[in-house]
Amino acid sequence: MFWSRKLSCRVDEIREAARQGREHQRYYQANKKRLKAEYKAAQQAGEVHTNAGLGSGFGLLPWLLMGMGAFSNLFQGKAADPWIGGLGLFTFNSLYIYVAFRAFHKETRDALSTRLALVAMGLVTCGLAMGYGGNWLLFFPLFGLATGAVVRLPHLRWVGAVVTVVAGAASVFRDGWGGLDTAYATWISTMVTAAIMSLSEAVRQLREAREELARRAVEEERLRFSRDLHDLLGHTLSVIVVKSEAARRLAPRDLDAALVQVSDIESVGRQALTEIREAVTGYREGSLSTDLDRAASALRAAGIEPVVHRSGHPLAAQTEALLGWVVREAVTNAVRHSGAERCEISVRGSAERVRLRVWDDGRGTAAGTAPTVRECGGEGGGECGGECGGDNAGTASIPVVGGTGLKGLAERLAAAGGSLEAGPGPRGGFVVRAELPVESVAPEPSGEPAGAVRGARIGEVAG
């Protein structure tokens, strides 16, 4: 019976892990689609320069010198009907310049007018090559260059093949088998130009992606700083307010007790200054034991009985810092809004996960609309009992409620592979549950038991 129940718990854990993996995959796909849509919208709004780093059509103009041989034929009288040849040469050059300057912008490159100009250039090239031959065949490589600048995959392969075949057929018809060199030059100019243009666009997109990542990094740092200030100042100011009220109440009848509260206020203020400096530099590492001690002190000053339970192995600094944030926020909310008489804080660690639970017997909060489901029960509740190590007390779902602080903490824990649940408790009041993966570190040689709370006992300390 014991093994079947344990196996059932493991199966439920595997199912939960698979479900979370599918959710992360769906989130990744949705986020990827959203980023693409935002980037496209930014391009359409003109916030992103679509031709950054690509240059302009002036880079393609020097290749027109390949037509100097045909131009000299007109003046040397080697071309029949020079007026027709001159008109064709002028038309080709005009179309080439038009296409070259429109090839560096995606919107103009894909426009119908650009495609029609490219087709007209091909017809003019075929007419000049078939009519005159010789140096006039060099307009095919120029036409291939313009084709490579405009056409992109997947159409590039068959368009380039058609242009090469037409160039080869016209060249062989005019100059015999030696015209195959013109066909080869046309193929090379088409593909090399397309490759260079595609590479330039890839470089431009990478540059824009780097700038976007830098912008997002700045936004995330601002968000981190705002969260840190909210968590630090929100909790600290609440403690100062509560202890100030306690000092005011105690001053008329017990001056020594009031001075103790004032001393605590000074200590909390000094510690807040240190933590704010550390938060600014981003190197703050929290101590869960310190946060538990301060939470118990704040609860007692507010007239709430603290009960702290802690067990398990020592935790990594990052894990303790995250759990410390949760303790701060939950206790701050209890002091401010709950009107409770008792607040229980439990930290229980297993080989893989550590779970934090903060419950008070106060008024609670109206439930939200988005439940968070957990199938394995908690302390003696649910089908798995205490086997799974949860603190859910057998609940099937917990409404997610809370303000900016709890939402910010939920995002922090989710980024670290954990989860946060908050809502009315099964016994009334309000409960906050946090869960994180364990990153165990070597215990400090303090002589204390691994699960003990350092310092004096806070309320009831269970093993």
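Residues numbered from 1 in each chain as written. Predicted model: local features only at pLDDT ≥ 70, side-chain atom pairs only at ≥ 80, totals over all residues. Heavy atoms only, no water.

Peer 1: Please clarify how the overall build of the protein chain should be interpreted in this entry.
Peer 2: What the protein chain contains, in helices and strands, is 12 helices and eight strands. Here the protein chain holds 463 residues, and the buried ones make up 40% of them. Of all intrachain contacts in the protein chain linking residues separated by at least 6 positions in sequence, the fraction that spans at least 24 positions is 71%. Accessible surface, the protein chain as shown: approximately 25300 Å² in total, 61% of it carbon and sulfur. (Helix = DSSP H or I, 4+ residues; strand = E, 2+ residues; numbered from the N terminus. Buried < 20%, exposed > 50% of the residue type's maximum accessible area, 1.4 Å probe, protein only. Contact = heavy atoms within 4.5 Å. Areas by Shrake-Rupley, 256 points an atom, 1.4 Å probe, with all protein chains shown as cover.)

Peer 1: Mind showing me how you'd approach the pairing of strand E1 (residues 305-311) here?
Peer 2: Two faces make up the sheet, and in a regular strand the side chains alternate between them. Along E1, five of the seven residues are buried, which leaves the element largely enclosed by surrounding structure. Here E1 pairs with strand E2 (residues 342-349) via seven bridges, running parallel. Bridging across to E2, glutamate 305 finds its partner in arginine 342. (Pairing = 2+ DSSP bridges.)

Peer 1: It is not clear to me how the pattern of salt bridges should be interpreted in this structure. Could you clarify?
Peer 2: In a structure, side chains of opposite charge can pair up when their charged atoms sit close to one another. Evaluated as defined, the whole model comprises 15 salt bridges. In this structure, arginine 204 engages glutamate 208 in a salt bridge whose closest nitrogen and oxygen atoms are separated by 3.5 Å. Of this pair, arginine 204 and glutamate 208 both sit in helix H8 (residues 180-250), four residues apart, which is roughly one turn of the helix. By relative accessible area, arginine 204 is classed as buried at 7%. Between arginine 342 and glutamate 344 there is a salt bridge, and its shortest N-O distance comes to 3.1 Å. (Salt bridge = Lys/Arg side-chain N within 4 Å of Asp/Glu carboxyl O.)

Peer 1: Help me out: how do you make sense of the pairing of E2 in this one?
Peer 2: Note on the crossover from E1 through helix H11 (residues 317-338) to E2: the handedness is left-handed. In this structure, the hairpin formed by E2 and strand E3 (residues 353-360) is closed by a connection of three residues. (Right-handed = clockwise from strand over helix to strand, strands pointing away.)

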